[in-house]
Amino acid sequence: MNLIAYQLEKRLKQSLNRNPDPFISDDELESNANLKQTFDKQSNMDVALRILQECTAKGYDRIKKKLCEMFNLDLPSSYTLMKELPLDVELVAIEITLDDETVRQKDDLVNGRNPTLLKKEGFDFKSVLEKASSFFNEKKKTIKLIGAKLKGTYVEYCNILLDKMEKRHGSMKADDQVLFINSFDGAEVFRNNKQSAGVISYNTSLLVPRLIQERKMSPHASKYCLTWQQIRGKEDLRTITCSTSEYFKHRRRIETNADGVTLKHLTSTNERFVYDMHDGKFLYSMLACSHYKRKYHRFLWCKCKKGEGVMGYHVNLKGKVIDPAGKPVENWKEQGMQHSCTLITDEEYRELFKKSMKRFYESNETDEERHKVWCDESNFGVTHFGIDCDLFDISSIRFDTFHMMSSIIKQVMTCLREYILEQSPDIYESFSKNVLGKIYNEYLIHVWNNRMKLSGFQGKECSSFVQNIENIIVPYLKENMMQCNRQQNIIKLLKLLKKIDKFVRMTYIDVEEDEYKEMMTEFNDNVKNFYKYGRKLGMVKEEEEIFYFHVLRFYMPNIVETTYSRHKLGVGIFSMQAFERRNKESKNLFLKFCTLNRNTPAFLINNLKRLSLTFQYDMEST
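What you are looking at is a predicted structure, and each value in this text was computed from that prediction instead of being measured.

Cut-off values and rules
- Residues numbered from 1 in each chain as written.
- Predicted model: local features only at pLDDT ≥ 70, side-chain atom pairs only at ≥ 80, totals over all residues.
- Heavy atoms only, no water.
- Helix = DSSP H or I, 4+ residues; strand = E, 2+ residues; numbered from the N terminus.
- Buried < 20%, exposed > 50% of the residue type's maximum accessible area, 1.4 Å probe, protein only.
- Contact = heavy atoms within 4.5 Å.
- Areas by Shrake-Rupley, 256 points an atom, 1.4 Å probe, with all protein chains shown as cover.
- Phe/Tyr/Trp six-rings, centres within 6.5 Å; stacked < 30°, edge-to-face > 60°.
- Lys NZ or Arg CZ within 6 Å of the ring centre and 35° of its normal.
- Salt bridge = Lys/Arg side-chain N within 4 Å of Asp/Glu carboxyl O.
- Core = buried A, V, L, I, M, F, W, Y, C linked by side-chain atoms within 4.5 Å.
- Patch = residues over 30% accessible without salt bridge, like charges linked within 9 Å, V, L, I, M, F, W, Y side chains within 5 Å.
- Lys, Arg positive; Asp, Glu negative; His and termini not counted.
- Charge placed at Lys NZ, Arg CZ, Asp CG, Glu CD.
- Pairing = 2+ DSSP bridges.
- Polar contact = N/O pair within 3.5 Å; in protein donor to acceptor, adjacent residues only side chain to side chain.
- pLDDT = per-residue confidence, 0-100.
- Expected span 1.5 Å × (residues − 1).
- Axes fitted to C-alpha atoms, helices over the stretch in contact; angles between N-to-C directions.
- Parallel < 35°, antiparallel > 145°, perpendicular 65-115°, else oblique.
- Nonpolar A, V, L, I, M, F, W, Y, C, P; charged D, E, K, R; others polar.
- Left-handed = near helix turned anticlockwise from the far one by under 90°.

Chemist: Before we move on, could you go through the overall build of the protein chain and cite the residues and values that matter?
Modeler: A tally of regular secondary structure across the protein chain gives 24 helices and eight strands. Across the 622 residues in the protein chain, those meeting the buried criterion constitute 47%. Restricting the contact set of the protein chain to residue pairs at least 6 apart, pairs at least 24 apart contribute 74%. Put simply, the protein chain shows about 33100 Å² of open surface, and 49% of that area lies on carbon and sulfur atoms.

Printed below as a string of structure tokens:
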């Protein structure tokens, strides 16, 4: 029997000892075949997309050919793949008309009538002439900006985000809120000895407070960050207004829930909030308000004059420090912080905006700069040259906690560095070895000891500094420094910095409401004391009050309270980390796949297509 079984198995080419196959109907066989075909097609598409993300189109076709021969895969061509992308990209061409003053300045530059630049050491007039001549067209009145954007409107971009959210986390609940956070940021994608290219990326992120509180979503991740437009240009007012005109119109329609605006997966019970969160430079350019180097009103969201927040009192137009009754204060440095910052409301901002417009046109003013001086002195720094006040509420601005804390930490590091380097050589060598050596590498220690700019200290390095305050830095100062007022103030400043940084970075709330309200009260006291000790150490100066210091001291307590009352979340949700991550991916794509000729429209169209792949399939572009 064994011999017969062996001969049968040999002829049938299968074992006779296995269990018989269960009966499968023809319909089930067809269904299984369709499932297998669908699975194979999806797997092949996933493989194809991930290969394309790592190489050029020609490189993909070469790899595809080899893989198909080796593994019998059915991969689509690069042309078919790019054609079937879920998000379409189109060309953007913006023509900006220049005013007469800008044309005159350009002519002075081209014709050599700019003595300031010509006298500057190392000024290469030939390169500037070539750059200016190629930048302006023959009429000398207009410039052209090129870019790329996803097809559709801002409302459709929000729907793309909502589709992805619904696919990953299911349907929205009736009481869910949705937050659309918009961040526009410019970055230099490359520089060489012939040219440089700056690209402004326009991003929108979607947050759902319930999912953040349930730890199912991180506001710092870039999964729900969509880049919908990129423009090659500078972060100036003309570029911003021309490239965002449609955005602000549709943004207002979403805020007011206008007729014809349909957001997918949301009902009338779902509250929607739209915020603008940009860095300081972009905000000042967008609003065209008094620059932070102006003489009087240098802050964009309040009525404070220059230095009032540091002095603790009001300052009149003559620069004299006065109390609320108008009497001069001579010894303000020895007194406490008495200043109360008054934020500009949306209604006040519209009135000031229209006041500027009325004054400019009724007086037949022709000099914009002279009018900005008047606005700085008499209109709380508000001008009408920025975004239309009817399309934008100033209260919807949110300040990036990531850039804010990085800037403040670097200021504290600079203050500590000056204190250490003023000591004996033995002290600062010991500090380098026993403190900096445990935190940073040799290059960053070299930057520190040689009073170089701290721009090399990125977010990770700033975070390491704060994390080691209690266990390394403060113990060293107590053990090795002579006890004096300055040493005590620095120690207090460092301890407050750690507490403030921890609170500002909070996203979800894991304590009871009463306890969090106590934490908010403590935060308000901490920023007041931080400002006080910073003033004593000369880090916060009345003539050079830093923008982000003013934001932390006077704006953030209000934003913290509003964020909790509206969304029951911490202010750490307003961070540009996700957007910076997406911008880094964009820069990597530029460097990997773009040719030296970056003036062509394909330069940005191809990049935005690849960024859409990164968003749609959660790929890495590092």
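Chemist: Talk me through the packing of aromatic side chains; I want residue IDs and the actual numbers.
Modeler: For any two aromatic rings, the description comes down to two numbers: the centre-to-centre distance and the angle of the planes. Counted by the stated rule, this structure contains 30 aromatic pairs. Between the aromatic rings of Phe-184 and Phe-282, the centroid separation amounts to 5.9 Å while the plane-to-plane angle is 70°, which identifies the pairing as edge-to-face. With Phe-184 in strand β3 (residues 177-191) and Phe-282 in helix α11 (residues 280-287), this residue pair connects regions lying 98 residues apart in the sequence. Relative accessible area serves as the criterion here: at 0%, Phe-282 is assigned to the buried category. Measuring from ring centre to ring centre gives 5.8 Å for Phe-503 and Tyr-516, while their planes differ by 20°; the resulting arrangement is stacked. With Phe-503 in helix α20 (residues 485-504) and Tyr-516 in helix α21 (residues 513-536), this residue pair connects regions lying 13 residues apart in the sequence. On the basis of relative accessibility, which here comes to 6%, the residue Phe-503 falls in the buried class. Here the aromatic residues Tyr-154, Tyr-157, Phe-184, Tyr-202, Trp-228, Tyr-247, Phe-248, Phe-282 and Phe-392 are joined through ring pairs into a cluster of three or more. Taking the ring centre of Tyr-224 as reference, the NZ or CZ of Lys-164 above it sits at 5.7 Å. Positioned above the aromatic ring of Tyr-508, the side-chain terminus of Arg-215 is 3.7 Å from the ring centre.

Chemist: How would you explain the pattern of salt bridges if you had to name every residue and give the values?
Modeler: Going through the model one piece at a time under the given rule, you end up with 19 salt bridges. A salt bridge links Arg-210 to Asp-176; its shortest N-O distance comes to 2.8 Å. Of this pair, Arg-210 sits in helix α9 (residues 209-213) while Asp-176 sits in the loop between α8 (154-169) and β3, placing them 34 residues apart in sequence. Each member of the pair Arg-210 and Asp-176 is classed as buried.

Chemist: Tell me about the nonpolar core, residues and numbers included.
Modeler: If you look at the biggest cluster of nonpolar residues, it comprises 153 residues, and the most contacted ones within it are Leu-300, Phe-399, Phe-465, Leu-477, Leu-497 and Phe-530. Dropping the residues within four chain positions of it, Phe-530 is found in contact with Ile-408, Val-412, Leu-493, Leu-496, Leu-497, Ile-500, Met-539, Phe-549 and Leu-552. Membership of the second largest hydrophobic core comes to 11 residues, among which are Leu-49, Ile-51, Tyr-60 and Leu-81.

Chemist: Summarise a negative patch on the surface; cite the residues concerned and give the values.
Modeler: Taken together, the side chains of Asp-510, Glu-512, Asp-514, Glu-515 and Glu-518 define an acidic patch exposed on the protein surface. In this fold, Glu-512 is placed in the loop between α20 and α21.

Chemist: Can you tell me about the pairing of strand β2 (residues 142-150), naming the residues and giving the values?
Modeler: Judged by how many residues are buried, β2 sits mostly within the fold: seven of nine residues are covered. When strand β1 (residues 89-97) meets β2, the two strands line up antiparallel, connected through nine bridges. Bridge pairing in β2 places Val-89 opposite Leu-150. Inspection of the sheet shows β2 paired to strand β5 (residues 225-232) by three bridges, in the antiparallel sense. Counted as the bridge partner of Gly-147 is Ile-231 from β5.

Chemist: Tell me about unusual backbone geometry, and name the residues and values.
Modeler: Phi at Arg-451 takes a positive value of approximately 55°, unusual for a residue other than glycine. The phi torsion at Lys-568 lies on the positive side, around 60°, for a residue other than glycine. Along the chain, Lys-568 turns up in the loop between α22 (547-567) and α23 (577-593). The class for Lys-568 is partly exposed, based on a relative accessible area of 41%.

Chemist: Talk me through the environment of Asn-450; I want residue IDs and the actual numbers.
Modeler: For Asn-450, the location among the structural elements is in the loop between α17 (442-449) and α18 (459-467). Looking at Asn-450, its side chain comes within polar contact range of the main-chain oxygen of His-446, at 2.8 Å.

Chemist: So what's going on with the confidence of the model for the protein chain? Which residues, and what values?
Modeler: Taken as a whole, the protein chain shows an average pLDDT of 80; of its residues, 78% reach a score of 70 or greater. Here residues 109-126 is a poorly scored stretch, pLDDT under 50, and it has 16 contacts once near neighbours within four places are set aside; other chains count. Low pLDDT, under 50, characterises residues 128-139; the predicted model gives this stretch 11 contacts beyond four residues in sequence or across chains.

Chemist: So what's going on with α21? Residues and values would help.
Modeler: The first and last C-alpha atoms of α21 sit 35 Å apart over 24 residues, in line with the 34 Å expected at 1.5 Å per residue. Looking only at α21, the buried set comprises Tyr-516, Met-520, Phe-523, Asn-526, Val-527, Phe-530, Tyr-531, Tyr-533, Gly-534 and Arg-535. Of the residues trailing α21, Gly-538 is marked for its positive phi of about 80°.

Chemist: Account for the side chain of Glu-235, naming residues and giving values.
Modeler: In this fold, Glu-235 is placed in the loop between β5 and α10 (237-255). One buried charged side chain, Glu-235, makes no salt bridge at all; its nearest oppositely charged neighbour is Lys-281, positioned 4.8 Å away. There is a polar contact of 2.9 Å between the side chain of Glu-235 and the backbone nitrogen of Gly-186. Excluding its chain neighbours within four sequence positions, the residues that come into contact with Glu-235 are Asp-185, Gly-186, Ile-200, Ile-240, Asp-279, Lys-281, Phe-282 and Ser-285.

Chemist: Break down the packing of α21 against α22 for me, with residues and values.
Modeler: Packing of α21 against α22 brings their axes to within 9 Å, and their N-to-C directions diverge by 170°. As the angle between them shows, α21 and α22 are arranged roughly antiparallel. Together, Glu-513, Tyr-516, Met-520, Phe-523, Asn-524, Val-527, Lys-528, Phe-530 and Tyr-531 of α21 and Phe-549, His-550, Leu-552, Arg-553, Phe-554, Met-556, Pro-557, Val-560, Glu-561 and Tyr-564 of α22 make up the contact between the two elements. Within the contact of α21 with α22, the residues separate by chemical class into 13 nonpolar, two polar and four charged.

Chemist: Break down the packing of α20 against α21 for me, with residues and values.
Modeler: Across the interface, α20 lies against α21 with an axial gap of 9 Å and an inter-helix angle of 145°. For the element pair α20 and α21, the recorded crossing hand is left-handed. Contacts between α20 and α21 involve Asn-489, Lys-492, Leu-493, Leu-496, Leu-497, Lys-499, Ile-500, Phe-503 and Val-504 from the former and Tyr-516, Met-519, Met-520, Glu-522, Phe-523, Asn-526, Val-527, Asn-529, Phe-530, Tyr-533, Gly-534 and Lys-536 from the latter.

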